[in-house]
Amino acid sequence: MSVAENLARVRAAIDAACDRADRDPSGVRLLPVSKTVGTDKIIEAYRAGMRIFGENKVQEAASKAAELADRPDLQWAMIGHLQRNKAREVAAFAAEFHALDSRRLAEALQSRLEQADRTLDVFIEVNSSGEPSKFGLPPEEVVDLAAALGELDRLRPRGLMTIAANSPDRGVVEACFVRMTELRRRLQDDPRVIGSYHELSMGMSGDFELAIAHGATTVRIGTAIFGARPPIR
Ligand SMILES: *Cc1c(COP(=O)(O)O)cnc(C)c1O
């Protein structure tokens, strides 16, 4: 199937999940994840109406952004773990960053954004499963980071991001999403936290319908749109 057909199928599944959850479909944004995917396929998705793409490697994203720079309305969301020494590159071209997980990284981004005279929409990444292999802050450390972001005016907090447990047990996956909604409530109730943190970036090809049932506002979908990726070496 073509990228356009896959996009239509995924969007229909998102809308159906919204319907089941009694949610307005305009409240769930589809973020196509184009990591490892060539720019020919990204252009196909662009022609089908997509204007922002998720990438997890800075070098790869920056070179795609340069190649597609003649489309000024095309934006990039960095969704993978970031080392501080890559903050400058991200500050130069990304519109969104979904994997903020430390104050030092936030400060590095702030200073690079000042130099570039840009701003960056950010999501704090949460390790909602407790799996040691996963990036993200433990839930109990999230409020402190959110409070610290109040002083970094180049970062625009939008909400929280997570990768749920990769488990065949629906209850285990669901518990991750529930933790995220609870954590969002805690942030919204804490007077030290500035900003609304109303967004939840959660749900991937295998679990986006469940994520929508639990309040996801951005679903990050790669495989179901662009096909299987080559195995990670
Ligand atoms: C690769 C990736 C996705 C998309 O995963 P699929 O299972 O291919 O939909 C979503 N979020 C992050 C952080 C990723 O790295």
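A short tour of the structure in this document, coming up. Bear in mind that the values here come from a model prediction, so they are computed numbers and not experimental data. (Residues numbered from 1 in each chain as written. Predicted model: local features only at pLDDT ≥ 70, side-chain atom pairs only at ≥ 80, totals over all residues. Heavy atoms only, no water.)

### A look at the site of the ligand
Part 1 of the reasoning: If you check the shell around the ligand, you find V33, K35, I79, M161, I163, M204, S205, R220, I221, G222, T223 and R229 and nothing else.
Part 2 of the reasoning: In this structure, an oxygen atom belonging to the ligand sits 2.6 Å away from a side-chain N or O atom of K35.
Part 3 of the reasoning: Taking T223, its side chain carries an N or O atom lying 2.5 Å from an oxygen atom of the ligand.
Part 4 of the reasoning: Taken by itself the ligand offers 390 Å² of open surface, and the protein chains cover 90% of this. (Near = heavy atom within 4 Å. Polar contact = N/O pair within 3.5 Å; in protein donor to acceptor, adjacent residues only side chain to side chain. Areas by Shrake-Rupley, 256 points an atom, 1.4 Å probe, with all protein chains shown as cover.)

### Here's the deal with the packing of aromatic side chains
The relation between two aromatic rings is expressed through the spacing of the ring centres and the mutual angle of the planes.
Part 1 of the reasoning: For the structure on display, the rule yields one aromatic pair.
Part 2 of the reasoning: For the ring pair F53 and W76, a centre distance of 6.1 Å and an interplane angle of 40 degrees mean the geometry is tilted. Of this pair, F53 sits in strand 2 (residues 52-55) while W76 is found in strand 3 (residues 75-78), placing the two residues 23 residues apart along the sequence. When sorted by exposure, F53 lands in the same class as W76, which is buried.
Part 3 of the reasoning: Directly above the ring of Y46 sits R51, whose terminal nitrogen or CZ lies 3.7 Å from the centroid.
Part 4 of the reasoning: Positioned above the aromatic ring of Y46 is the side chain of R71, whose terminal nitrogen or guanidinium carbon lies 5.5 Å from the ring centre. (Phe/Tyr/Trp six-rings, centres within 6.5 Å; stacked < 30°, edge-to-face > 60°. Helix = DSSP H or I, 4+ residues; strand = E, 2+ residues; numbered from the N terminus. Buried < 20%, exposed > 50% of the residue type's maximum accessible area, 1.4 Å probe, protein only. Lys NZ or Arg CZ within 6 Å of the ring centre and 35° of its normal.)

### Points about helix 7 (residues 170-189)
Part 1 of the reasoning: Between its first and last C-alpha, helix 7 extends 29 Å over 20 residues, near the 28 Å set by a 1.5 Å rise per residue.
Part 2 of the reasoning: What helix 7 keeps buried is the set V173, C176, F177, M180, L183, R184 and L187. Taken around the axis of helix 7, the buried residues stretch over an arc of 115 degrees, which confines them to a single face. Away from its buried face by more than 90 degrees, helix 7 exposes R170, R185 and D189.
Part 3 of the reasoning: Those residues of helix 7 hidden inside the fold are in contact with strand 5 (120-126), helix 6 (142-149), strand 6 (155-162), strand 7 (199-201) and helix 8 (208-213).
Part 4 of the reasoning: The N-cap residue of helix 7 is D169: its side-chain oxygen and the backbone nitrogen of G171 are 2.9 Å apart. (Expected span 1.5 Å × (residues − 1). Arc of directions from axis to C-beta. Contact = heavy atoms within 4.5 Å.)

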